[in-house]
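# Coordinate analysis (summary)
The lines below spell out each chain.
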Amino acid sequence: MPVQTSRLFESALHELRSTRTRQAAFSQNAQLLLQERYLARDADGQVTETPEAMLRRVARALARAEQADVADHWEAAFYEVMARLEFHPGSRTLANAGTRQPQLANCFVFPVEDSQESVLRTFSESSIVKSYGGGCGFNYSNIRPRGDEVRGNPGLAIGPVALLKLFDDATKLFRQRGRYESGNMAILDVDHPDVLDFVTAKRVDGLLSMTNISLGVTDAFMRAVEADAGWTLVNRRTGAAVRTLPARELFAAACELACETGDPGLIFLDNMNRNNPLRDSMGDIVATNPCGEIGLYPYEACNLGYVNLPRLLLPADRRNPDHLFDLDRLRVVMAAAVRMIDDAISESWFPVAEIREAVQGNRRIGIGVTGWAESLALAGIPYDSEEALSAATVLARSMREFAYDATVALARERGPFPNVHRSIWKDAEQQPRNVAVLAMPPSGNNAVIFDTSFSIEPFFAMSYTQRVFGGREIRSVNRLLLRELAAHGVDEADLLQEIAENGGGVQGLSRVPEDVQRVYRTAHDITPEWHVRMQAAFQEHVDNAVTKTVNLPRTATAEQVAALYQQAWRLGCKGITVYRDASRADQAIEATRPSAVVTAPVTTTTSGVACDPADGTCAVCE
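Given the structure is predicted, the values throughout are model-derived calculations rather than measurements. (Residues numbered from 1 in each chain as written. Predicted model: local features only at pLDDT ≥ 70, side-chain atom pairs only at ≥ 80, totals over all residues. Heavy atoms only, no water.)

## Considerations on the nonpolar core
One finds F221, V307, I367, W372, M399 and F538 to be the most contacted residues of the largest nonpolar core, which totals 148 residues. At 11 residues, helix α16 (residues 386–414) tops the list of elements feeding residues into this core. Beyond its immediate sequence surroundings of up to four residues, I367 is in contact with F87, G305, V307, M334, A337, V338, M399, V437, L438, A439 and M440. Formed by 16 residues, the second largest nonpolar core is a distinct cluster that contains A373, F459, I499 and V516. (Core = buried A, V, L, I, M, F, W, Y, C linked by side-chain atoms within 4.5 Å. Buried < 20%, exposed > 50% of the residue type's maximum accessible area, 1.4 Å probe, protein only. Helix = DSSP H or I, 4+ residues; strand = E, 2+ residues; numbered from the N terminus. Contact = heavy atoms within 4.5 Å.)

## Some words on the side chain of N139
Among the structural elements, N139 can be located in strand β3 (residues 135–139). The buried category is assigned to N139, whose relative accessible area is 9%. Among the polar contacts made by the side chain of N139, one reaches the side chain of D189 at a distance of 3.2 Å. Within polar-contact distance, the side chain of N139 engages the backbone oxygen of V286 at 2.8 Å. Apart from the residues lying within four places of it in its own chain, the contact partners of N139 are V112, I187, D189, V286 and A287. (Polar contact = N/O pair within 3.5 Å; in protein donor to acceptor, adjacent residues only side chain to side chain.)

## A short note on the packing of aromatic side chains
In the structure shown here, the tally under the stated rule is 15 aromatic pairs. With a centroid separation of 5.7 Å and 80° between ring planes, the pair formed by F110 and Y299 is classed as edge-to-face. Of this pair, F110 sits in strand β2 (residues 107–110) while Y299 is found in the loop between β12 (295–296) and β13 (301–308), placing the two residues 189 residues apart along the sequence. By the burial criterion, F110 is buried, and Y299 matches it. Sitting over the face of the ring of Y79, R56 holds its NZ or CZ atom 4.0 Å from the ring centroid. For R533, the ring lying beneath its charged end belongs to W530, and the centroid distance is 4.5 Å. (Phe/Tyr/Trp six-rings, centres within 6.5 Å; stacked < 30°, edge-to-face > 60°. Lys NZ or Arg CZ within 6 Å of the ring centre and 35° of its normal.)

## Quick look at unusual backbone geometry
Residue P264 is bonded to the preceding D263 through a cis peptide linkage, with omega at 5°. You can see P264 is positioned in the loop between α10 (247–261) and β10 (265–268). In this model, R151 sits at a positive phi of 50°, which is unusual for a non-glycine residue. You will see that A582, though not glycine, has its phi angle at about 70°, which is positive.

Right, here's the structure in full:
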């Protein structure tokens with residue numbers, strides 16, 4: 001990180017203050033999604049605002065956190081980057097900013113301690129949060145194992161799996177405005193005596209439909225797997241060893257179920273905490289939000305935002321694999337983004353007092369992206385190439401630098417985050433306003449709003465149907481491919497049917513030039529190892545975590561899953577999930593052909609299956 005903010009950052013601030021407003025141009029699909037989810041409604045449920053009015057509402061609400069003499073300037077700057085479709089805050093901010101109870105955070109983590117009082121309190125507090133649209137993460141490892149004693153009576157303990165089923169059932173009862181379903185992340189540490197029950201908890205399709213499950217694994221466990229050593233399960237209540245089994249046996253069971261159902265994912269706890277700036281004083285982070293892109297302490301929440309990368313591409317004559325984006329403009333957008341999301345923390349209403357204290361104490365934010373695959377395609381770079389990995393590294397490193405400049409500048413103006421005295425910056429000359437600044441969340445909804453590809457994922461298909469709220473379908477065709485084919489004189493009308501019959505892709509189609517086939521590859525055309533390498537390239541410079549799906553063909557095996565999990569751990573990923581094609585009955589997005597259906601969730605996570613199986617967009621974590 002830079003020692004001090006640069007003069008280039010000061011010029012970025014000047015550009016923000018000099019912006020001119022404009023009106024956003026939303027696609028038809030974007031307008032449909034905005035109407036369904038984000039535009040304000042009256043008491044009868046009728047939409048009462050336009051998309052432009054929504055952006056103005058959000059800009060005005062966030063600018064209330066600014067000093068009165070500059071609030072108008074920042075309101076205009078916030079509106080400008082949103083109207084240019086360069087940056088948007090997360091979905092809860094779009095929906096709730098400027099409302100009577102503006103709950104602007106997306107996801108929360110709650111403690112689960114080994115007492116009836118703690119469990120009931122967490123159940124109550126998390127249910128309240130869910131009724132305002134927040135997703136919740138829990139680590140159940142402190143709960144005594146099933147069959148353990150309670151108050152001296154043996155055999156009464158119900159165990160963590162029964163508890164997570166209770167929390168899952170309650171989630172279905174609470175929806176914000178009757179529309180937004182919440183979701184859960186359930187984590188169990190790999191040394192818990194009930195770990196095998198946990199691993200198989202979602203074996204039956206449809207069970208725990210509101211919950212992603214992930215094993216919390218350590219370096220010690222992964223090394224035990226490599227060495228084919230024993231692994232001891234420990235009762236947290238007593239500290240006593242319960243059982244020792246081969247580490248590979250437990251790992252194989254997790255990989256088999258992940259191949260079969262998509263769960264469990266893995267959270268690499270040591271990777272998650274290795275550079276945690278609060279670790280020495282506050283201990284390890286052991287839980288994440290439902291999609292796994294942000295590790296959080298108890299009662300912390302995540303406030304998210306998305307940079308729309310295709311809007312920041314350099315002109316073709318100035319582009320090369322290491323410099324795809326206009327870094328001067330990216331610096332400007334990041335300055336606005338950090339300020340907007342920090343303002344969202346200041347302006348947010350929190351339904352639980354402990355959440356307010358934790359969120360405002362660390363002021364953690366997570367700025368991610370949309371449109372990575374589209375940007376690569378526009379630059380003519382295959383997703384599964386060294387050039388793409390190099391471009392990812394440059395982009396993530398630049399975003400981190402610009403975000404850090406912005407948060408340090410904000411701290412000079414408003415003060416650093418209150419817990420800075422407990423952090424690695426306690427004696428630093430330059431202290432940040434936010435304990436962390438980047439994340440790579442899923443971006444199903446925001447990508448639709450921006451009319452681009454999802455997060456850092458490859459294209460799912462060249463033509464597909466996405467199910468959004470209420471089962472409504474949005475049909476999409478890759479407009480970039482159509483433009484490319486037109487330039488080669490290919491009749492798109494006939495070819496669209498061929499693409500549909502080819503499972504939604506163009507590989508092997510004789511009328512599609514080979515160089516076009518090389519660039520326009522789908523998630524299933526890219527080998528799983530490249531998915532992991534792309535995730536790791538971004539993770540290197542992202543201080544929170546990265547959401548990424550590793551797509552597998554129907555023929556994938558548990559042994560292949562095991563190899564991918566080990567690859568992700570070695571490369572420093574903080575979590576991983578895989579998704580084998582057609583392993584779940586209810587899937588979010590599909591490309592069809594006459595004799596079969598090729599399906600996969602769009603916004604699967606570093607730690608589970610699709611965050612919102614009913615929607616196919618991660619309505620919880622965006």
